[in-house]
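# Observations on the model geometry
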Amino acid sequence: MLAAIAVIVYEVRERVQGFAALSPMQAVRLMNQGALVIDLRTQESFDAGHIADARNVPSAQLEAQAETLKKWRDRAVITYCESGVSGAGAARTLTKLGFTKVFNLEGAWAAGSRTICR
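Our subject in this report is the structure included herewith. All of these numbers come straight from a predicted model, not from anything done at the bench.

### Things to note about unusual backbone geometry
Positive phi outside glycine occurs at Asp53, with the angle close to 65°. Mapped onto the elements, Asp53 comes out in the loop between helix H3 (43-48) and strand S3 (55-56). Assessed through its relative accessible area of 67%, Asp53 is described here as exposed.

### Here's the deal with helix H5 (residues 85-96)
The end-to-end C-alpha distance of H5, which contains 12 residues, comes to 17 Å, matching closely the 16 Å that a straight helix rising 1.5 Å per residue would cover. Of all the positions in H5, only Gly87, Ala88, Ala90, Ala91 and Leu94 are classed as buried. One face of H5 carries all of its buried residues, which in axial projection span an arc of 160°. Every exposed residue of H5 that faces more than 90 degrees away from the buried side is listed here: Val85 and Lys96. Contact partners of the buried residues in H5: strand S2 (36-39), helix H4 (62-65), strand S4 (76-80) and strand S5 (101-105).

### Description of the sheet that holds S2
Taken in spatial order, the five strands of this open sheet run S1-S5-S4-S2-S3, and their pairing is parallel. If you trace the sheet from one side to the other, it starts and ends with strand S1 (21-22) and S3, each paired once. With two bridges joining them, S1 and S5 adopt parallel strand pairing. Along S5, the bridge assignment pairs Leu22 with Leu105.

Parameters and conventions
- Along each chain, the written sequence defines residue order, and numbers are assigned to residues from 1.
- This being a predicted model, a pLDDT of at least 70 is required before a residue's local features are given, and a value of 80 or more before pairs of side-chain atoms are given or counted; all residues contribute to the totals for chains, interfaces and linings.
- To obtain the side-chain values, all non-hydrogen atoms of the structure were included, while hydrogens and water were left out.
- Each helix corresponds to a stretch of at least 4 residues labelled H or I by DSSP, and each strand to a stretch of at least 2 residues labelled E; elements are numbered beginning at the N terminus.
- Throughout, exposure labels follow a simple rule: accessible area from a 1.4 Å probe, protein chains only, divided by the maximum for the residue type, with under 20% read as buried, over 50% as exposed, and the rest as partly exposed.
- How far a helix is expected to stretch is found by multiplying one less than its residue total by 1.5 Å.
- This arc corresponds to the set of directions leading from the helix axis out to the C-beta atoms.
- Contact definition: two residues touch when any of their heavy atoms are within 4.5 Å.
- When DSSP finds two or more bridges between a pair of strands, those strands are recorded as paired.

What is shown is where atoms sit, not what they do.
Here it is, written out as structure tokens:
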């Protein structure tokens, strides 16, 4: 029984850390170290303004485009969307696809637009 509880606690902790929320300042630090930033919003929203050097991959296309992102599997990847909900889901999806360092921008687009955008 104790071993089962330990395994469950370990798995939950790993999942939470796998797509942990990242503050805008932490995101900037990772971006300065070469992190990939994925904007999950529509192309129109992306064109209206986005975080500098972000790559637009709409949520619905994430799994289909995962192969084009494979070189980032062992590097930092930051996701963000309009509200934060799709970003967290995308982080989970990327983790399931084998990406090891995936983060979701805390505060979503609103936080990113105040920090660094174009």
